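# A structural walkthrough
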Protein chains: 2
Amino acid sequence: MTVTILDVAKRANVSKATVSRVLNDQGGYSEKTKRHVLKVMEELEYNPNAVARSLTNKRTQTIGIVLPDLISSLTTSFLNEIEAVAHKAGSSVIVCHTESKGTKTMKYLQLLHEKRVDGVILASTILKKEYYDYIKKTKIPMVLLSTDSKYPVSSVTADDYAAAYMATKYLIQQGHKKVGMISGNKEEWIVGNHLPRVEGFKAALLDNKLSVSEKHVVYGGFSCEDGAAGLTQLFKQVPDLTAIFTENDEIGMGVISAAYQLGIKVPEEVSVIGMDNVKFCEYLNPPLTSVSLSHSEMAKKAANLMFEIIESNKAVTNCIVPHRIVERQSVSKK
Amino acid sequence: MTVTILDVAKRANVSKATVSRVLNDQGGYSEKTKRHVLKVMEELEYNPNAVARSLTNKRTQTIGIVLPDLISSLTTSFLNEIEAVAHKAGSSVIVCHTESKGTKTMKYLQLLHEKRVDGVILASTILKKEYYDYIKKTKIPMVLLSTDSKYPVSSVTADDYAAAYMATKYLIQQGHKKVGMISGNKEEWIVGNHLPRVEGFKAALLDNKLSVSEKHVVYGGFSCEDGAAGLTQLFKQVPDLTAIFTENDEIGMGVISAAYQLGIKVPEEVSVIGMDNVKFCEYLNPPLTSVSLSHSEMAKKAANLMFEIIESNKAVTNCIVPHRIVERQSVSKK
């Protein structure tokens, strides 16, 4: 039998309300009563029911994280950091993954509200008006991770435009003049949307007076498979290509793998730079040069910000983490 | 303002208890009352508080998953499948990662009990007596995933011994006579423990009258880094080695990467076979031959079993999923 608060009250010869107040450290009882109640709890091996307690203190000690993809190295490193911060703060993390197209996002926000989570971290997902209206109405504290928005919501993200510009400029500085990009955004998704990484890529080429047009960009998904397919497509569109910027490292891994299968040498025949600097970059053949967006730091910051907001109704804070190039062996001088 | 059950009761002119019974579909009211209460809920945009409701129906519609490592491709694919099954069953998943040494496991079991989760999936973790005693006492439904135990607890796992035996036999069939293994278990952890993969490896060599001793096995961690270090160590111990079985694919990735850096050709100079058949195997240079343990299927089965147990107090069920070799390009004939 599970021991209930009533069992504790009976044995301690106090009211249920007193036991509840002791549990939540609310005062209104003597130190002697407190010690007595705590002793009885120990004797009965009473395990406070967090569900019941959350009705009293209005906190569930649970936060939600909404992610588009659980398989990518990037989002799992987010989860890893967030879970660690939450654990230190005495909270648990409910994981909701919306699959890559985000169709389940709204449904998950409702579910998390129904579970009365203390806050939600929305990662790598565009904050649609529908979502914003909902969190505004329900007043769920929210932090955006690796994405920002035009709405007044706290966020921790990187400067994607500047990072893509830096990656492309790096290739140009190594002497490359024919540079292509493999983007993770399928063309049909992006009507009317802002694409900072593609824009940063194009701007770097234009600023250096190099040719750039739509044929220099291939749009696909974010997986290795998309990178492999993207390489073939990009060479069809720009046959004299010597360097490629890939929107993430999974795409870069696919490019390196497809080049190996096609007998194209990396970096001798084509240089590749990825983005995100995930763990496996170091273990590819050749190891992949990549732009680090400090994702672990980003996730840690977002989680810390989440708990600050929960504690203190902190004002909207938008934080941008720095980026830098991590040189390995996939880019050569031209 | 959040609408409460009391607001609904007032507006519908019924008692709070009636609203609660309607919410939980418990009967004891007329069809007319039910329709009226539901209509009022809709008018007020009442969002049932899952926390409060779980106190009534004794279900929190939440399960916990306890995992040792969130970064590995393997455990994230577990999480992916489990979250999908849970979502279909109307439940959420709280993720608890215990870090590789499992020191937080007991603490997490207590936390999940305090949160009154409907069940716990314990993945890739040895079920210690301490854990078993706790789940027995608290009666939390539990399913073990990718691990089994001597205690009467349901599980879905692979036959690790047979899978390691198959991997090693495959190398022998390709003509290899000097075969080593890089194991993910640090020697200091394994005192008195059963190591089915190492035992399967040794048995295959012995059954084929090939030499095997402790110097044929290097013990380290489960990461790429451990694989890279393991390669150097194994060549020191067995200089004429021609093939390596790695306990997982991350270790295999590290071996392929270190070989590339050292100028050792895979598979021409050393063949490598991994285990788990995670997604990236296909994208390594060369693509890694691996033993598939049907992990996605395993996780899906474990999650389905979890909900069967929650629903019906199903008897202890132990399920073993099949394994098979997926041939790629990292093993050559000798």
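Calculation rules
- Note that residues are indexed from 1 along each chain, following the sequence as it is written.
- Throughout, the order in which chains and ligands are written sets their labels, letters from A for the former and numbers from 1 for the latter.
- pLDDT decides what is reported in this predicted model: residues at 70 or higher carry local features, side-chain atom pairs at 80 or more are listed and counted, and totals for whole chains, interfaces and linings draw on all residues regardless.
- The basis for the side-chain values is all heavy atoms of the structure; hydrogens and waters are excluded.
- Strand pairing is assigned whenever DSSP identifies at least 2 bridges connecting the two strands.
- In DSSP terms, a helix is any run of H or I states spanning at least four residues, a strand is any run of E spanning at least two, and both are numbered starting from the N terminus.
- Only C-alpha atoms enter the line fits that serve as axes; for helices the fit covers just the stretch in contact. Angles between N-to-C directions range over 0 to 180 degrees.
- Any two residues whose heavy atoms approach within 4.5 Å are treated as being in contact.
- Counted as salt bridges are all cases of a side-chain nitrogen of Lys or Arg within 4 Å of a carboxyl oxygen of Asp or Glu.
- Working definition: with a 1.4 Å probe on protein chains only, accessible area under 20% of the residue-type maximum means buried, over 50% means exposed, and in between means partly exposed.
- Any angle from 65 to 115 degrees is called roughly perpendicular, while one under 35 is roughly parallel, one over 145 is roughly antiparallel, and all others are oblique.
- Left-handed describes a crossing whose near helix is turned anticlockwise from the far helix through less than a right angle; right-handed describes the clockwise counterpart.
- Ten residues, namely Ala, Val, Leu, Ile, Met, Phe, Trp, Tyr, Cys and Pro, are considered nonpolar, four, namely Asp, Glu, Lys and Arg, are considered charged, and the remaining ones, Gly among them, are considered polar.
- Given the number of residues in a helix, its expected span is that number minus one, multiplied by 1.5 Å.
- With the strands pointing away from the viewer, any crossover whose connection runs clockwise from the first strand over the helix to the second is right-handed.

Our focus in this paragraph is the sheet that holds strand 7 (residues 217-219) of chain A. All names here are of chain A. The mixed open sheet is built from 6 strands, whose spatial order is 7-6-8-9-10-12. Each of the sheet's edge strands pairs with one partner strand only, and the pair in question is strand 7 and strand 12 (324-326). Direction aside, the axes of adjacent strands within the sheet are offset by 20° on average. Both strand 6 (residues 179-183) and strand 7 contribute to a ladder of 3 bridges, which runs parallel. Bridge pairing in strand 7 places Met181 opposite Val217. Where helix 8 (residues 160-173) meets the sheet, its contacts fall on strand 6, strand 8 (243-246), strand 9 (271-276), strand 10 (289-292) and strand 12, and the angle it forms with strand 8 comes to roughly 165°.

On inspection of all chains with the given rule, the structure shows 20 salt bridges over all chains. The shortest N-O distance in the salt bridge between Arg197(A) and Asp160(A) comes to 2.8 Å. One end of the pair, Arg197(A), is in helix 9 (residues 196-207); the other, Asp160(A), is in helix 8, and 37 residues separate them in sequence. Under the relative-accessibility criterion, Arg197(A) is labelled buried at 12%. Exposure remark for Asp160(A): the relative accessible area of 16% places this residue in the buried category. The partner of Lys129(B) in a salt bridge is Asp133(B), with the nearest N and O atoms 2.7 Å apart. With Lys129(B) and Asp133(B) both in helix 7 (residues 129-138) and 4 residues apart, the pair spans about one turn of that helix. Residue classification places Asp133(B) among the partly exposed residues on the basis of a relative accessible area of 34%. Three or more residues joined by partner-sharing salt bridges are found here, namely Arg11(A), Lys39(A) and Glu43(A).

A few words now on the packing of helix 5 (residues 73-88) of chain A against helix 12 (residues 295-312) of chain A. Residue and element names in this part refer to chain A. Packing of helix 5 against helix 12 leaves a shortest axis separation of 8 Å and a crossing angle of 40°. With respect to helix 12, the axis of helix 5 lies oblique. Of the two elements, helix 5 crosses helix 12, and the hand of that crossing is right-handed. Contacts from Leu74, Ser77, Phe78, Glu81, Ile82, Val85 and Ala86 of helix 5 reach helix 12 at His295, Ser296, Met298, Ala299, Lys300, Ala303, Asn304 and Phe307. Residue classes in the contact of helix 5 with helix 12 are distributed as 9 nonpolar, 4 polar and 2 charged.

All names here are of chain B. By the alternation rule, side chains of strand 10 (residues 289-292) split into Thr289 and Val291 and Ser290 and Ser292, which are all buried. By the bridge criterion, 3 bridges tie strand 10 to strand 12 (residues 324-326) in an arrangement that is antiparallel. The residue of strand 12 that forms the bridge with Ser292 is Arg324.

If you walk across this open sheet you meet the 12 strands as 11(A)-5(A)-4(A)-3(A)-1(A)-2(A)-2(B)-1(B)-3(B)-4(B)-5(B)-11(B), and the pairing is mixed. Each edge of the open sheet carries a strand with a single partner, namely strand 11 (318-321) of chain A together with strand 11 (318-321) of chain B. Averaged over all neighbouring strand pairs, the angle between strand axes comes to 20°, with direction disregarded. Of the strand pairs in this sheet, strand 5 (residues 154-158) of chain B and strand 11 of chain B are connected by 4 bridges, and their pairing is parallel.

Let's shift gears to the environment of Cys96(A). Inspection of the secondary structure assignment puts Cys96(A) in strand 2 (residues 92-97). Cys96(A) sits in the buried class, given a relative accessible area of 1%. Linking Cys96(A) and Asp160(A), residues 64 residues apart in sequence, is a C-alpha distance of 25 Å. When sequence neighbours within four positions are dropped, the list of residues in contact with Cys96(A) reads Ile65(A), Val66(A), Leu67(A), Tyr108(A), Leu112(A) and Glu83(B).

With that settled, the discussion passes to helix 5 of chain A. Residue and element names in this part refer to chain A. Taking 1.5 Å of rise per residue, 16 residues should cover 22 Å, and helix 5 covers 23 Å from first to last C-alpha, within 8% of that figure. Summarising burial for helix 5: 13 of the 16 residues are buried, a large majority. Trailing helix 5 by a residue or two, Gly90 shows a phi angle of about 80°, which is positive.

All names here are of chain B. Viewed as axis vectors pointing N to C, helix 1 (residues 5-12) and helix 2 (residues 16-23) meet at an angle of 110°, and their least axial separation amounts to 8 Å. In terms of orientation, helix 1 lies roughly perpendicular with respect to helix 2. Where helix 1 approaches helix 2, its residues Ile5, Leu6, Val8 and Ala9 are matched on the opposing element by Lys16, Val19, Ser20 and Leu23. In the contact of helix 1 with helix 2, the residues fall into 6 nonpolar, 1 polar and 1 charged.

Tracing the chain through its elements places Leu79(A) in helix 5. Sequence separation of Leu79(A) and Val95(A) is 16 residues, and the distance between their C-alpha atoms is 8.4 Å.

Residues and elements named next belong to chain A. Extensive coverage of strand 9 is indicated by the burial of 6 of its 6 residues. The sheet contact formed by strand 8 and strand 9 spans 3 bridges and is parallel. Within strand 9, the position partnered with Ile244 by the bridge is Val272. Read as a crossover between parallel neighbours, the route from strand 8 over helix 11 (residues 249-262) to strand 9 is right-handed. Examined bridge by bridge, strand 9 and strand 10 share 4 bridges and lie parallel to one another. Each residue of the ladder has a partner; that of Gly274, found in strand 10, is Ser290.

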